[in-house]
Amino acid sequence: MKKLWLFLPIFLFGSEDFITDLEYGQMLYKNPRGISCASCHGLKGEGKVIVSYLKKNKERVTIYGSDIRQISLSKLKATVARNHPIMPKYYLTTEEVTAIYYYIQMINQKDKGDIE
Ligand code: HEC
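Quick summary incoming for the structure in this document.

The rules we used
- Throughout, residues of each chain are indexed from 1 in the direction in which the sequence is written.
- With the structure being a predicted model, the display of local features is reserved for residues of pLDDT at least 70 and the display and counting of side-chain atom pairs for 80 or more, all residues being used for whole-chain, interface and lining totals.
- As a convention, hydrogens and water are excluded, and side-chain values are obtained from all of the structure's heavy atoms.
- Residues form patches when they are more than 30% accessible in relative terms and have no salt bridge. Like charges link within 9 Å. Nonpolar side chains (Val, Leu, Ile, Met, Phe, Trp, Tyr) link within 5 Å.
- The method behind every accessible area is Shrake-Rupley, applied with a 1.4 Å probe, and residues are considered shielded solely by the protein chains displayed.
- What counts as a salt bridge is simple: a side-chain nitrogen of Lys or Arg found within 4 Å of a carboxyl oxygen of Asp or Glu.
- Strands are runs of DSSP state E lasting at least two residues, helices are runs of H or I lasting at least four, and both sets are numbered from the N terminus onward.
- Exposure categories follow from relative accessible area, calculated using a 1.4 Å probe and restricted to protein chains: below 20% of the type maximum is buried, above 50% is exposed, and the middle band is partly exposed.
- By arc we mean the arc of the directions from the helix axis to the C-beta atoms, nothing more.
- Coordination shells were defined by N, O and S atoms within 2.8 Å of each metal, extended to 3.2 Å for Na, K and Ca; water is absent from the atom set, which can make sites look incomplete.
- Only four donors with every angle between 85 and 135 degrees are called tetrahedral; only four or six donors with opposite donors over 155 degrees apart and all others between 65 and 115 are called square planar or octahedral, in that order; all others are irregular.

A word on a nonpolar patch on the surface. Together, Ile50, Val51, Tyr53 and Ile86 make up a nonpolar patch on the protein surface, roughly 320 Å² of accessible area in all. Structurally, the position occupied by Tyr53 is in strand S1 (residues 48–55).

Here you go:
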């Protein structure tokens, strides 16, 4: 039993990446600061209808979360850090935005809906 402790450092430090970059990006995309990008931009960044309602019972108003699959990394960085009428402003590090960017690129490239 005591010998188990000898192996503990291997479990803790043996493998550098507990989660892959893809998983890290997915985690961020789905829950950055508690508000998921997916809830407004779809699971793969393909965009979706956020809300659609009748204004004064006449005119239909539809609000879309845009398709962000083709967005460049620099545009993504600039967008998340800005104020918007609907989209929240996120205080994400460069590393976090980059992970989100690669996540969107990877899932669309492989055309995998999800990793799970
Ligand atoms: C509450 C809904 C909502 C959430 C959550 C949200 N967005 Fe958005 N986003 C929008 C809407 C609506 C627009 C388009 C209009 C605007 O700029 O406000 C937009 C625009 C964008 C654009 C610019 C698209 C273009 O073509 O110019 C990018 C990039 C983007 N969002 C990325 C993200 C990322 C990444 C996240 C998560 C960190 C996120 N959004 C979370 C609603 C949302």
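Okay, the pattern of salt bridges next. Counted under the stated rule, the structure contains two salt bridges. Across the salt bridge formed by Arg33 and Glu96, the nearest N and O atoms sit 2.9 Å from each other. Residue Arg33 is found in the loop between helix H2 (21–30) and helix H3 (38–41), and its partner Glu96 is found in helix H5 (residues 94–110); the two are separated by 63 residues along the sequence. One salt bridge connects Arg69 with Asp67, and the closest N-O pair in it is separated by 2.7 Å.

Okay, H2 next. Two residues of an α-helix separated by three or four positions point the same way, owing to the 3.6 residues in each turn. Those residues of H2 that sit buried are Leu22, Gly25, Gln26, Leu28 and Tyr29. Taken around the axis of H2, the buried residues stretch over an arc of 165°, which confines them to a single face.

Let's shift gears to the coordination of the iron atom of the ligand. Here the iron atom of the ligand is held by the protein donor atoms His41 (NE2) and Met87 (SD), which lie 1.9 to 2.2 Å from it. For the iron atom of the ligand, the six donor atoms are set out with angles of 85 to 179° between them, so the coordination reads as octahedral. With His41 in helix H3 and Met87 in the loop between helix H4 (73–80) and H5, this pair connects stretches of sequence that are 46 residues apart. Among the residues examined, His41 registers a relative accessible area of 11% and is labelled buried.

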